[in-house]
Amino acid sequence: MTSSPGTAKRRVVHVGTGMTGSVALRAIIDDPVLDLVGLKVSSPTKVGTDAGQLCGRPDVGVAATDDVAAILDTKPDCVAYCATAVRREDDVIADIIGYLEAGINVVTISAIPMVYPKAAPPNWRDPIERAALQGGATFYATGCEPGFVSLNLPTALLAGAGAIDSYRMDEYALDLDLAYPIWEVLHESMGFGKPDGHVPIRIAVGKVNNDWEPVVRYIADTLTVDVDEVALDWETILAPHDLDTALGVIPKDTICGHRWQLAAMHDDRPVVSVQYFAAVTSTPWPDSWPRPTQPGQGGMVFRIEGNPRMTLDLRLDPAPDDATNPGVAATAMAAINAIPTVIDAAPGLLPAPLAGPSIVTRQTRRRHDDSESR
């Protein structure tokens with residue numbers, strides 16, 4: 001569905017005001033080509049609150065509501081859907097379907113498996129695709145990682161590659177008690193503080209496969225590699241003694257870190273893989289784990305074995321005047337920056353990650369305009 005021609009701003013409704021959602025909401029307000037026309041929340045305490053107050057901006061004249069009908073009445077060009085999907089995947093799919101069937105384009109960070117629809121689980125892909133085609137709307141899922149970091153950046157690297165033996169991205173999620181201080185996620189999803197033998201929920205329920213298999217299959221498809229299977233290898237490490245963290249003590253002999261690797265296999269060897277390391281500030285680093293290129297610094301390291309060999313070290317750092325987790329900020333921006341292109345796209349699922357100048361940030365223009373007006 002395409003908005004009105006000309007220079008009119010694109011009308012956007014935002015859903016979700018949690019950690020990432022509030023950053024995305026702020027980005028919509030700050031974007032010179034977007035017009036926030038509605039805000040959907042789930043918490044009764046936020047209903048009636050101005051959107052600006054919920055994301056650290058001055059009032060913008062848009063009050064939060066929990067009424068879906070009121071949201072649809074605003075006739076937006078696009079919904080930026082940033083509500084949490086933790087333990088509510090079915091609700092997320094149902095919400096997105098409702099907007100698409102109403103003819104409203106959807107950009108989301110909440111449907112991670114859909115970053116590469118071809119490899120997404122059918123229970124995500126099929127109903128969303130049907131709804132998009134029925135409503136004549138466009139759907140696009142993106143984010144940071146999985147998202148532009150794990151899809152767009154390696155594609156750019158591979159443009160300069162020759163013969164390739166293997167590709168691997170290592171993600172180092174370090175100091176999680178400081179960078180992502182949500183104990184429910186660290187304890188329940190990742191298993192920190194759980195006893196020896198505990199299988200972290202993200203492994204047990206298949207979240208790792210659901211969220212990252214589309215990534216490895218996208219790279220494998222890009223390289224036209226035949227994939228025999230996608231194999232998961234994982235392990236946890238135990239605290240050698242009580243470990244102090246910003247979220248409390250991790251007791252001795254309970255999980256204090258974990259590693260997993262998801263690999264697309266061909267002829268019994270990994271050809272495309274993603275490897276993830278999770279640790280808190282006091283986690284002792286095993287000698288068997290590859291270290292980040294900068295000691296103690298998290299981020300991603302892209303490793304391409306071939307001719308030429310390539311190594312790219314990527315770190316996301318917070319701005320000097322902003323304490324926002326930079327991974328959270330990049331996740332939000334990848335979605336918001338894509339909104340105009342998604343609005344102008346043909347109905348259905350966008351089959352691959354968007355790239356190019358049309359999805360580059362527009363906030364630089366806003367800062368320039370603001371400085372000239374002073």
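Anything mentioned here points back to the structure above.
Rules and cut-offs
- Residues numbered from 1 in each chain as written.
- Predicted model: local features only at pLDDT ≥ 70, side-chain atom pairs only at ≥ 80, totals over all residues.
- Heavy atoms only, no water.
- Helix = DSSP H or I, 4+ residues; strand = E, 2+ residues; numbered from the N terminus.
- Rg over C-alpha atoms; globule rule 2.2 N^0.38 Å.
- Buried < 20%, exposed > 50% of the residue type's maximum accessible area, 1.4 Å probe, protein only.
- Lys, Arg positive; Asp, Glu negative; His and termini not counted.
- Charge placed at Lys NZ, Arg CZ, Asp CG, Glu CD.
- Pairing = 2+ DSSP bridges.
- Contact = heavy atoms within 4.5 Å.
- Axes fitted to C-alpha atoms, helices over the stretch in contact; angles between N-to-C directions.
- Parallel < 35°, antiparallel > 145°, perpendicular 65-115°, else oblique.
- Left-handed = near helix turned anticlockwise from the far one by under 90°.
- Nonpolar A, V, L, I, M, F, W, Y, C, P; charged D, E, K, R; others polar.
- Phe/Tyr/Trp six-rings, centres within 6.5 Å; stacked < 30°, edge-to-face > 60°.
- Polar contact = N/O pair within 3.5 Å; in protein donor to acceptor, adjacent residues only side chain to side chain.
- Core = buried A, V, L, I, M, F, W, Y, C linked by side-chain atoms within 4.5 Å.
- Salt bridge = Lys/Arg side-chain N within 4 Å of Asp/Glu carboxyl O.
- Expected span 1.5 Å × (residues − 1).
- Arc of directions from axis to C-beta.

Caption draft 1: Summary view of the overall build of the chain. On a plain count of helices and strands, the chain comes out with twelve helices and 15 strands. By the compact-globule yardstick of 21 Å for 374 residues, the chain fits well, its C-alpha radius of gyration being 21 Å. Taken across its 374 residues, the chain has 52% of its residues classed as buried. One way to put it: in the chain the 30 positive side-chain charges average out to a point 4 Å from where the 48 negative ones average out.

Caption draft 2: Highlighting the sheet that holds strand β1 (residues 10-15). Strand order in the open sheet made by the seven strands is β3-β2-β1-β4-β5-β6-β15, with parallel pairing throughout. Edge strands, defined here as strands with exactly one partner in the open sheet, are β3 (64-65) and β15 (348-349). Note: β1 against strand β2 (residues 34-40), six bridges, orientation parallel. What sits directly across from Val12, in β2, is Leu36. Each of β1, β2, β4 (78-81), β5 (105-108) and β6 (138-141) touches helix α3 (residues 89-101); the most contacted strand, β4, lies at about 170 degrees to it.

Caption draft 3: Focus on the pairing of strand β14 (residues 310-314). As paired elements, strand β13 (residues 299-307) and β14 share five bridges and run antiparallel to each other. Bridge assignment links Met300 to a residue of β14, and that residue is Leu314. As consecutive antiparallel partners, β13 and β14 are separated by two residues.

Caption draft 4: Structural detail: the packing of helix α5 (residues 148-158) against helix α9 (residues 207-222). The geometry of α5 relative to α9 is characterised by a closest axis approach of 10 Å and an angle of 20 degrees between their N-to-C directions. Taken together, the axes of α5 and α9 lie roughly parallel to each other. The chirality of how α5 crosses α9 is right-handed. Residues Ser150, Leu151, Pro154, Thr155 and Leu158 of α5 touch α9, and the partners they reach there are Val215, Tyr218 and Ile219. The residue inventory of the contact of α5 with α9, partitioned by class, reads six nonpolar, two polar and no charged.

Caption draft 5: Here's a closer look at the packing of aromatic side chains. Scanning the model with the defined rule gives nine aromatic pairs in all. Both rings, one in Trp212 and one in Tyr276, keep their centres 6.1 Å apart while their planes meet at 55 degrees; by these two values the pair is tilted. Placement of Trp212 in helix α9 and of Tyr276 in strand β12 (residues 269-279) is noted, with a sequence separation of 64 residues between them. Each ring, one from Trp285 and one from Trp289, has its centre 5.3 Å from the other, and the planes form 85 degrees; the classification is edge-to-face.

Caption draft 6: Summary view of the sheet that holds β14. The strand order β8-β11-β12-β7-β13-β14 describes an open sheet built from six strands, whose pairing is mixed. With one partner strand each, in any of the chains shown, β8 (229-238) and β14 form the two edges of the open sheet. Averaged over all pairs of adjacent strands, the angle between their axes in this sheet comes to 10 degrees, without regard to strand direction. This element, α5, spans β7 (163-173), β13 and β14 of the sheet and lies at about 30 degrees to β13.

Caption draft 7: Spotlight on the side chain of Thr254. Checked against the element boundaries, Thr254 lands in the loop between β10 (248-250) and β11 (255-266). Only 2.6 Å separates the side chain of Thr254 from the backbone oxygen of Pro251, close enough to count as a polar contact. Discounting chain neighbours no more than four positions away, the residues touching Thr254 are Gly193, Lys194, Ile237, Leu238 and Ala239.

Caption draft 8: View of the nonpolar core. Counting 51 residues, the largest nonpolar core has Leu176, Phe192, Trp260, Val272 and Phe302 as its most contacted members. When contributions to this core are tallied by element, the ones reaching two or more residues are α5, β7, α9, β8, β11, β12, β13 and β14. Membership of the second largest hydrophobic core comes to 34 residues, among which are Val12, Leu54, Ile336 and Ile343.

Caption draft 9: Representation of the side chain of Asp211 in the model. For Asp211, the position within the fold is in helix α9. On the basis of relative accessibility, which here comes to 4%, the residue Asp211 falls in the buried class. A distance of 2.6 Å separates a polar atom in the side chain of Asp211 from a polar atom in the side chain of Lys207. Those residues in contact with Asp211 that lie beyond four places of it in its chain are Ile112, Pro113 and Pro146.

Caption draft 10: Summary view of the pattern of salt bridges. According to the stated counting rule, one finds 17 salt bridges in the structure shown. Between Asp170 and Arg168 there is a salt bridge, with the nearest N and O atoms lying 2.7 Å from each other. By relative accessible area, Arg168 is classed as partly exposed at 25%. Three or more residues joined by partner-sharing salt bridges are found here, namely Arg168, Asp170 and Arg303.

Caption draft 11: Structural detail: α3. Between the first and last C-alpha of α3 there are 18 Å, a value that for 13 residues agrees with the 18 Å anticipated at 1.5 Å per step. Taken together, the buried positions of α3 are occupied by Val92, Ile93, Ile96, Ile97, Tyr99 and Leu100. Projection of α3 onto a plane perpendicular to its axis shows the buried side chains occupying an angular sector of 165 degrees, all on one side.

Caption draft 12: Geometry of the environment of Pro351. For Pro351, the location among the structural elements is in the loop between β15 and α12 (363-373). Exposure remark for Pro351: the relative accessible area of 59% places this residue in the exposed category. Counting along the chain gives 33 residues from Pro351 to Pro318, while the straight-line C-alpha distance between them is 31 Å.

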